[in-house]
Structures are given as C-alpha cells and as structure tokens.
Amino acid sequence: MKVLKTVCLFAVACLLLTACSKQKSAVTGWNLNDSEWGGFEKSPYNEQMTGPGLVFIEGGSFTMGRVSDDARFEWNNVAHTVNVSSFYMDETEVSNISYREFVYWMQRAYGEEYPERVRAIYPDTNAWRDKLAWREEMVDFYFQSPIYDDYPVVGVTWEQANQFCVWRTDRVNEKILVDKGIIVLDQTELRGETAFQTDVYLAGQYRGESKNELENLDPAAGGEPRQVRREDGILLPNYRLPTEAEWEFAALGLVGNTYDERIIEHKTYPWAGTSLRSANKKYYGQFLANFKRSRGDAMGVAGNLNDGWDYTAPVKWYFPNDYGLYHMAGNVSEWTADVYRKDVNPVGGEDMNPFRGNVYRMPTYIDEEIAINDTTGGIIYKNVDDDMNRRNYRTADNINYLDGDYSSNIYDYQSQGAITEWVTVGDDEEDSFEDEGLNMNNPDSVTNQMYRRVARGTSGDPVSSLIGNKVRVVKGGSWNDRAYYLQPGTRRYYDQDRSTAWIGFRCAMDRLGPRVLK
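Cut-offs applied
- Numbering of residues starts from 1 in each chain and follows the order in which that chain's sequence is written.
- For this predicted model, a pLDDT threshold of at least 70 governs which residues receive local features, and a threshold of 80 or more governs which side-chain atom pairs are given and counted, while totals over whole chains, interfaces and linings are taken from all residues.
- Note: side-chain values were computed over all heavy atoms of the structure, leaving out hydrogens and water.
- Confidence scores labelled pLDDT are given residue by residue by the predictor and lie between 0 and 100.
- Note on contacts: a residue pair qualifies if any of its non-hydrogen atoms lie within 4.5 Å across the two residues.
- A pair of strands is treated as paired once DSSP finds two or more bridges between them.
- To qualify as a helix, a DSSP run of H or I must reach at least 4 residues; to qualify as a strand, a run of E must reach at least 2; elements of each kind are numbered from the N terminus.
- For every element, the axis is a line fit to its C-alpha atoms; helices are fit only across the contacting stretch, and the angle between N-to-C directions ranges from 0 to 180 degrees.
- Whenever two N or O atoms come within 3.5 Å, that pair is a polar contact, provided that in protein one can donate a hydrogen and the other can accept it, and provided that, for residues adjacent in sequence, both atoms are side-chain atoms.
- Here's how the labels work: a residue is buried when its accessible area is under 20% of the maximum for its type, exposed when over 50%, partly exposed in between, all with a 1.4 Å probe on protein chains only.
- The disulfide criterion used throughout: a pair of cysteine sulfur atoms within 2.5 Å.
- A helix's residues, less one, multiplied by 1.5 Å, set its expected span.
- Pairing of aromatic rings covers Phe, Tyr and the six-membered ring of Trp, with a centre-to-centre limit of 6.5 Å; geometry is then stacked below 30 degrees between planes, edge-to-face above 60, and tilted otherwise.
- Whether a charge sits over a ring depends on NZ of Lys or CZ of Arg being within 6 Å of the ring centre and within 35 degrees of the ring normal.
- The cut-offs work like this: below 35 degrees is roughly parallel, past 145 is roughly antiparallel, 65 to 115 is roughly perpendicular, and the gaps in between are oblique.
- By the convention adopted, Pro, Cys, Tyr, Trp, Phe, Met, Ile, Leu, Val and Ala count as nonpolar, Lys, Arg, Asp and Glu as charged, and the other residues, Gly among them, as polar.

A.B. asks: What is the right way to look at the confidence of the model for the chain in this model?
C.D. replies: Atomic detail in the predicted coordinates should be set aside for any region of low pLDDT. Per-residue confidence for the chain gives a mean pLDDT of 83; residues scoring 70 or more make up 83%. Residue range residues 407–447 is modelled with pLDDT below 50. Its contacts to residues more than four positions away, or to other chains, number 62 contacts. Confidence drops under a pLDDT of 50 for residues 453–458, and excluding neighbours within four residues, the segment shows 16 contacts in the predicted structure.

A.B. asks: Would you take a moment to explain the sheet that holds strand 1 (residues 54–57) for this structure?
C.D. replies: Strand pairing in a sheet is mediated by backbone hydrogen bonds. Such pairs are either parallel or antiparallel. In spatial order, the strands read 1-4-23-5; together these four strands make up an open sheet with antiparallel pairing. The open sheet has two edge strands with one neighbour each: strand 1 and strand 5 (239–240). Bridge count between strand 4 (residues 87–90) and strand 23 (residues 508–510): three bridges; the pairing is antiparallel. Residue pairing across strands places Met 89 opposite Ala 508, the latter belonging to strand 23. Helix 7 (residues 244–252) contacts strand 1, strand 4 and strand 5 of the sheet and is inclined by roughly 75° relative to strand 4.

A.B. asks: Before we go on, may I ask you to explain the sheet that holds strand 20 (residues 471–475) in this structure?
C.D. replies: Spatial strand order, 21-20-10-22: four strands in an open sheet with mixed pairing. In this open sheet, the two strands that pair with only one neighbour each are strand 21 (491–495) and strand 22 (503–504). Where strand 20 and strand 21 come together, five bridges link them in antiparallel fashion. Counted as the bridge partner of Val 473 is Tyr 493 from strand 21.

A.B. asks: Help me out: how do you make sense of the side chain of Arg 492 in this one?
C.D. replies: Considering the arrangement of structural elements, one finds Arg 492 in strand 21. Within polar-contact distance, the side chain of Arg 492 engages the side chain of Ser 333 at 3.1 Å. Within the structure, Arg 492 has its side chain in polar contact with the backbone oxygen of Gly 476 (distance 3.4 Å). Contact partners of Arg 492, with chain neighbours within four places excluded, come to Ser 333, Tyr 340, Arg 472, Val 473, Val 474, Gly 476, Gly 477, Asp 481, Tyr 485 and Trp 502.

A.B. asks: Help me understand helix 7, please; the structure alone is not making it clear to me.
C.D. replies: Spacing of three or four residues puts side chains on the same side of an α-helix, whose turn is 3.6 residues. Summarising burial for helix 7: nine of the nine residues are buried, a large majority. All buried positions along helix 7 are accounted for by Glu 244, Ala 245, Glu 246, Trp 247, Glu 248, Phe 249, Ala 250, Ala 251 and Leu 252.

A.B. asks: Quick question: what am I supposed to make of the state of the cysteines here?
C.D. replies: Simply put, disulfide is the name for a covalent bond between the sulfur atoms of two cysteines. Counted by the stated rule, this structure contains zero disulfides. Of all cysteine sulfurs, the one in Cys 507 lies closest to Cys 165, which takes part in no disulfide; the gap is 3.6 Å. Assessed through its relative accessible area of 0%, Cys 507 is described here as buried.

A.B. asks: Help me understand unusual backbone geometry in this model?
C.D. replies: Glycine aside, residues mostly have negative phi, and peptide bonds are mostly found in the trans state. Of note in this structure, His 327 is not a glycine but carries a positive phi near 55°. You can call His 327 buried: its relative accessible area is 4%. Phi angles above zero are rare outside glycine, and Leu 402 is one such case at about 55°. With respect to the secondary-structure elements, Leu 402 resides in the loop between strand 14 (381–383) and strand 15 (411–412).

A.B. asks: In this structure, what is going on with helix 5 (residues 158–179)? I would like to understand it.
C.D. replies: A rise of 1.5 Å per residue sets the reference length of helix 5, with its 22 residues, at 32 Å; its end C-alpha atoms lie 32 Å apart and thus fit the reference within 8%. Just past helix 5, the residue Gly 181 takes up positive phi, approximately 70°.

A.B. asks: Before we go on, may I ask you to explain the packing of aromatic side chains in this structure?
C.D. replies: The description of an aromatic ring pair rests on the distance of the ring centres and on the angle between the ring planes. Across all of its chains, the model carries 32 aromatic pairs by this definition. Centre to centre, the rings of Phe 102 and Trp 167 are 5.3 Å apart; their planes meet at 45°, and the pair counts as tilted. With Phe 102 in helix 2 (residues 96–110) and Trp 167 in helix 5, this pair connects stretches of sequence that are 65 residues apart. Geometrically, the ring pair formed by Tyr 269 and Trp 271 is stacked, given 5.3 Å between the ring centres and 20° between the ring planes. In this structure, Tyr 269 and Trp 271 share a single accessibility class: buried. Members of the aromatic cluster, connected to one another through ring pairs, are Trp 128, Tyr 142, Tyr 148, Tyr 151, Trp 309, Tyr 311, Trp 317 and Trp 479. Here Arg 361 stacks its cationic end above the ring of Tyr 381, 4.3 Å away from the centre of that ring. When the ring centre of Tyr 485 is taken as reference, the NZ or CZ atom of Arg 492 above it lies at 4.1 Å.

A.B. asks: Is there a simple way to think about the packing of helix 2 against helix 5 in this case?
C.D. replies: For any two helices packed against each other, one specifies the inter-axial angle together with the distance between the axes. Relative orientation of the contacting elements helix 2 and helix 5 amounts to 75°, with a least axis distance of 11 Å. Of the possible angle classes, the one that applies to helix 2 and helix 5 is roughly perpendicular. Across the interface between the two elements, Ser 98, Tyr 99, Glu 101, Phe 102 and Trp 105 from helix 2 touch Gln 160, Gln 163, Phe 164, Trp 167 and Arg 171 from helix 5. A class-by-class count of the residues in the contact of helix 2 with helix 5 yields five nonpolar, three polar and two charged.

This is how it looks when you write it as structure tokens:
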C-alpha cells in the first residue's frame, strides 16, 4: 500500500508539473503562450465546430456527370472522375421562415436609412404567376404565411442567395463571440454600418462594443487586450453556395454505397436503386421525391395522391439520403456557385474540387487603412491586380479560362484583329463583320467574344447570348419537373439576377483540417 501511495503521488506530481509547464516551440525551444518569451501563441482550438443547420459531407473521388442515357442529347456533362474535399452542407433547403429572419434583420439594420437594400433582397413573390394559371394564393401567402414557414423559399436570385450566406456567416460568428463573452450584443440601436461583420472584425475595424477580449501576450502591447484573430481558430469559415461538384457529390450520397474503397453501384438518384418509389415494407410504393409525374399530373388523383404535393413540400418531408440531406431530388432545384459552361470538364481542367467562377479580390486601402463603405459598414473590395509573375494565375477574373472563348474567335494573325460582332449590311441582309484590335496579353479584349452577337434586322439592336458570365448552374429537379431531372448528373442554367418559383438554395461551408470527423 505504501508503494502504491508513493506511485500515485508521483503520478499526480508529474501531471501537475506537466500542466504548469509551458509548451515549447519544436523549432526554437522557446516557450509558447509566454509573454516573457515573446508571446507567440498556439491556440488550443484544433477542431472545427459544426455550424448551425449543417451536415458533415465526407469527401472523396466520384464519377461526376451523366451515367445514364442523355435523353435530351445536351452533352453538357460527360462523365469524368473528380475529387471533392470534405465539406459541410445544409441539411435542408433554406426555408421561408429562415429567409424571413434575414429580411427582418435587414429591415431593422437598413430599412430606415437605406430601404432599397431591403427591397433588393426581398423574394419575388410574383414569380409564382403564370399567364394561363391561377396562383394568386401563392403570390399573396407563400412567403408570408406561417402555414408555409417550413417550405423552401423561392423567387430568390443567385445574388440574393449569396447575400443570405454573408448575413448568416456574420450572425453565426457574432453569436460565437457573444457566447464567449468577447463582444457585447446590443440590438437596441442596430444600424447596418455598426453591425457585426466577420471580415470587418478580423480587419480590426469593428465599430461595436467589446467586452472580455483576449489576453495579449505580445510584450509590446503593454497589457492591452486584443480582438480574436483568425489564428485563434474560434470563428467559422464563411457560409456559401456549394459548387456544382460538391452539390452533385452530396446528392449522390455514395458514402452509403461503398464497400472496401469501391463504389459497388452508381446511383441514378440520391437513393439506391432506379425506382422512384420506396421498397420499404412500411412505406412500400410511396414516392421518394416531389416532382411532376406527367403533364397534368403533379400530385396524383383524389383519394390516392402519389407524391402528395402540387407545388413545394416542407423541407423535411421525404426520406434523407445517406448523408442525411433532404430533398436533393425534387421539391425545388437549387443554385450552385458555378458559372455555366457547356463543357464542364475542359481539357486541362482541374480534377480536384473543380469550380468555374473564380474572381480573386482584395480589400481596398486608403492611407494605409482598409476602406469601409459608409452605407453598409462593409469592406470595399477590388479585384487583385494582374500579376504576370505568377504561374498559377495571371488575372483576377478567371471565369472564361479554358471555356473556348479564345479558340472560338476567327483570328487574323496578320492584322491582329478578331471578329467581334455580326452586323446586317443594307436591305439585302448580307452578312459582314467588324474588326477590333486584339491584344494577346489583355484578356479583356478577347473575353466573352464567344457569347456576343447582334440581332438580325434593320435596327441591329444587340442581344446577349443565353450563355454568359452571369449565368449560373442549377442542379436538381423540382416540383415542376419530370423524373429525368431528379438525377444528380443533370444540369441546367439560369440568369443569376433572375428568379423563379422552382429554384431555391441551400448553403455550404468549407471543412478545415482533417477530412474525417474525430
């Protein structure tokens, strides 16, 4: 017993000494988190928390694109293998009540001084209208009535969906700092320019009231506390729209279809098998998604409804897929982050987290300080300057990279001119074209040539192509679609500044560090 007591006391002493001892740098041997040794800090936070509403999506490689018959012969998503890193995604589509919370907050922050900002994010309820259909009850009640609280928001543009993501990021990170007692939550005099914004806070420009800030171990700080920094690992990454590859990967839910590093069967839909009905004995024969069975049959016959819904359904109505995601087929189609191009896998394209739409930005500085917009209180960003010394990119805007716009021009190497637009000559409607100088080192002189045209006719009024840099990829079938569009491999496009009653959205977030949950 004496020996055992001695051993226990020794073990406790070792633990106390270990707890009291300072962590040391592996490269210098200096103490970490010690102001006497310079104050370099190592954060104890080494695991990313899961943000509200999100589900972890374990990544991996998969066959992206069409793996069944291309019934419409669009050939816009030829099957190819890509890898998607682990990330987070909303369990459900963003609902009406969630988006109303966004509108309410924006009204309080900007409604009095800048009402146009509130009008700009309000859903277009008139999107429900059809020239040959009666849908006024949806126009008047769908977004506002509590009966539709848990239904997916529609009538939202791609741009509005992105603004929702920014607002959601700020509110979630604000709550994290409030819960930790770092800042004060004061909503009595909420104004947009003083409201918490994540990037403004990290830039040291936050105008709100701080509370118990972190101890500053830098000896030069003189004992003054400091704000949270990105190095502390406390704040979450941004909520954002998923990329096309992420959305399709998450929809397939192959995590439940894998055996010993092999995908044993490629799914046609987000569930196993090729049937649209449940094979579960308890729910045998019930539809697994909300879609249009055929023309004139959106919900079945009275007394025996098939999917049970004429328009949208609540966001948690049908069974989730193997990732736990609801309505990855049917209900509403969803915005993704990508700019649409017909060739989703160009020669030389990236196979690791593919994405088309990169426009690199940086804060604007005035007199060595980050410029803040007086109206919104947000940082003023600008595109990064062209950097010809880089190997990985040269310009800020990379939307048109490898999309065919360069090679699609009829290019005259002698005159350094390119066909820029077709025009009508006289009444005989002969075709001609106008040339303009083409600078090989200036992407602005050649970009978008592939998508420009001039309308035929005497006026020659310009019209834009259906495909351009403001057209985004839409994934997933909706209540208004046939079963063909329920397949994750199908893809469509829609103008980013327009909305419709069959497109909604959900958010995603990067996963930092380990690609599997601990």
